[in-house]
Amino acid sequence: MPQFAPLKNDTFLRALLRQPTDYTPVWLMRQAGRYLPEYRATRATAGSFMGLATNPDLATEVTLQPIERYPLDAAILFSDILTVPDAMGLGLRFVEGEGPKFDRPLRTEEDVLALRAPDLASLDYVFKAVTQIRTELNGRVPLIGFSGSPWTLACYMVEGEGSREFHTIKKMLYSRPDLMHRILDINAQSVAEYLNAQIDAGAQAVMVFDSWGGALADGAFQAFSLHYMRKVISLLKREKDGVKIPAIVFTKGGGHWAEEIAAIGSDAIGLDWTANLGKIRALVGDKVALQGNLDPAILFANPEQIRAEVVKTLDAFGPHNTGHVFNLGHGISQFTPPESVSAMVDAVHSHSRTLRQA
């Protein structure tokens, strides 16, 4: 079992567990990514996106790049949500300018009945990267592991690629809900096992990305996304070696379901930029911590405007010293100026300290 250095900055974990913090911790979805020139250089060395994601040395390098550059309060594993369906044998490839595609999407009853949970040994490159990143972080900040939600993974598995309309999967959902539930049940079991293996490898918190939950109608969301996220949460290890392992769920476009999402058992829920932090905090009370929710586009503004919007977001949450992790309302854009992130992180740390003195 690997031995890791003691954690020097646990502010992020304390916030997720709704314990008092001296300031509001901050990290960014997609913080290790294309907006950083050092990432682009490493990506060029790797030759391809999956070449980068499947190489523990390179995945470690790009995970640590934003931690070296900014005083962020957490690192997140560099990987992709589609590693799990890839390990199920669906044939993942990335097409330049078009994104991920599966060679063998789930289109027929036979396809769905043949689906099996992946052998975790085929995902060993992910777990090796987790252990290596945790080791090289040397206790600076906690490491977040993650997965796509059962529904979001299913969207790619059935559509065969990214989609705006989700015609193919919604046709299956409404015409053959039995097949849809089979896919989601296998995905939920697979996601839980995958996240638990990341925890065993060294992840100190885990996050479920329900990127396409907001594409569902009310009613369908509860039956086909929320139910299966609840199952994942129920199967997660919530403690490792006597230390709590917090879990975050994030449904993009799910702010109007915040109370229901808050009830599935996670420690925190992520909110996109369309949600009002103050109103949702009033709705959910102290059931969960909240993560979010600055509009990523604000990072194209000047430093003064960025600071003003950071202040608005922190003020919306209120002068509480528990239960808030600052983040963007979605992933950072690849076109973001790196100096804008510095302005944002500095503003979060300074204004949140001021709020606690008020």
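Since the structure is predicted, the reported quantities are computational estimates derived from the model, not experimental observations. (Residues numbered from 1 in each chain as written. Predicted model: local features only at pLDDT ≥ 70, side-chain atom pairs only at ≥ 80, totals over all residues. Heavy atoms only, no water.)

A. Seen up close, the overall build of the protein. The helix and strand tally for the protein stands at 15 helices and eleven strands. Here the protein has a C-alpha radius of gyration of 19 Å; the compact-globule value for 358 residues is 21 Å, and the two agree. Viewed in the frame of its principal axes, the protein has a C-alpha envelope of about 60 × 45 × 45 Å. Here the protein, with 358 residues, has 56% of them falling under the buried criterion. Considering only intrachain contacts with a sequence separation of at least 6, the fraction spanning at least 24 residues in the protein is 74%. Placing the 35 positive and 40 negative side-chain charges of the protein at their respective mean positions leaves the two points 2 Å apart. (Helix = DSSP H or I, 4+ residues; strand = E, 2+ residues; numbered from the N terminus. Rg over C-alpha atoms; globule rule 2.2 N^0.38 Å. Buried < 20%, exposed > 50% of the residue type's maximum accessible area, 1.4 Å probe, protein only. Contact = heavy atoms within 4.5 Å. Lys, Arg positive; Asp, Glu negative; His and termini not counted. Charge placed at Lys NZ, Arg CZ, Asp CG, Glu CD.)

B. Up close: the side chain of His330. Summarising the element assignment, His330 is placed in the loop between β11 (324-325) and α15 (338-357). With residues near it in sequence (within four places) discarded, His330 still touches Met29, Arg30, Phe250, Lys252, Trp273 and Pro296.

C. Local environment of the pattern of salt bridges. Throughout the structure, instances matching the rule amount to twelve salt bridges. A salt bridge links Arg93 to Asp103, with the nearest nitrogen and oxygen atoms 2.5 Å apart. Of this pair, Arg93 sits in strand β2 (residues 92-95) while Asp103 sits in the loop between β3 (99-102) and α6 (109-114), placing them ten residues apart in sequence. Under the relative-accessibility criterion, Asp103 is labelled partly exposed at 44%. For the salt bridge of Lys101 with Glu161, the shortest nitrogen-to-oxygen distance reads 2.3 Å. Of this pair, Lys101 sits in strand β3 while Glu161 is found in the loop between α8 (150-159) and α9 (167-175), placing the two residues 60 residues apart along the sequence. Its relative accessible area of 34% is what places Glu161 among the partly exposed residues. Members of the salt-bridge network, linked through shared partners, are Glu109, Arg176 and Asp178. (Salt bridge = Lys/Arg side-chain N within 4 Å of Asp/Glu carboxyl O.)

D. Here's a closer look at the pairing of strand β4 (residues 143-148). Taking burial as the measure, the six residues of β4 include six buried ones, the bulk of the element. Burial along β4 is two-sided: the residues Leu143, Gly145 and Ser147 and Ile144, Phe146 and Gly148 are all buried. Inspection of the sheet shows strand β1 (residues 75-76) paired to β4 by two bridges, in the parallel sense. Residue pairing across strands places Ile76 opposite Ile144, the latter belonging to β4. Relative to strand β5 (residues 205-210), β4 runs parallel, the two sharing five bridges. What sits directly across from Gly145, in β5, is Val206. (Pairing = 2+ DSSP bridges.)

E. Structural view of α15. Along its 20 residues, α15 runs 30 Å from first to last C-alpha, staying within 8% of the 28 Å computed at 1.5 Å per residue. Those residues of α15 not exposed but buried are Pro338, Ser340, Val341, Ala343, Met344, Val345, Ala347, Val348, His349, His351, Ser352 and Leu355. At its buried positions, α15 is contacted by α2 (37-46), α4 (56-69) and α14 (303-317). (Expected span 1.5 Å × (residues − 1).)

F. Focus on the packing of aromatic side chains. As enumerated under the stated definition, the model contains eight aromatic pairs in all. Relative to Tyr194, the ring of Phe127 has its centre 5.9 Å away and its plane inclined at 55°; by these criteria the two rings are tilted. Remark: Tyr194 occurs in helix α10 (residues 177-201) and Phe127 occurs in helix α7 (residues 124-137); sequence separation between them is 67 residues. One exposure class covers both Phe127 and Tyr194, and it is buried. On the numbers, 5.2 Å between centres and 55° between planes, the contact of Phe166 with Trp212 is tilted. Taken together, the residues Phe166 in the loop between α8 and α9 and Trp212 in the loop between β5 and α11 (220-235) connect sequence positions 46 residues apart. Here Phe166 falls in the buried class, since its relative accessible area comes to 4%. Members of the aromatic cluster, connected to one another through ring pairs, are Tyr39, Phe49, Phe78 and Phe94. (Phe/Tyr/Trp six-rings, centres within 6.5 Å; stacked < 30°, edge-to-face > 60°.)

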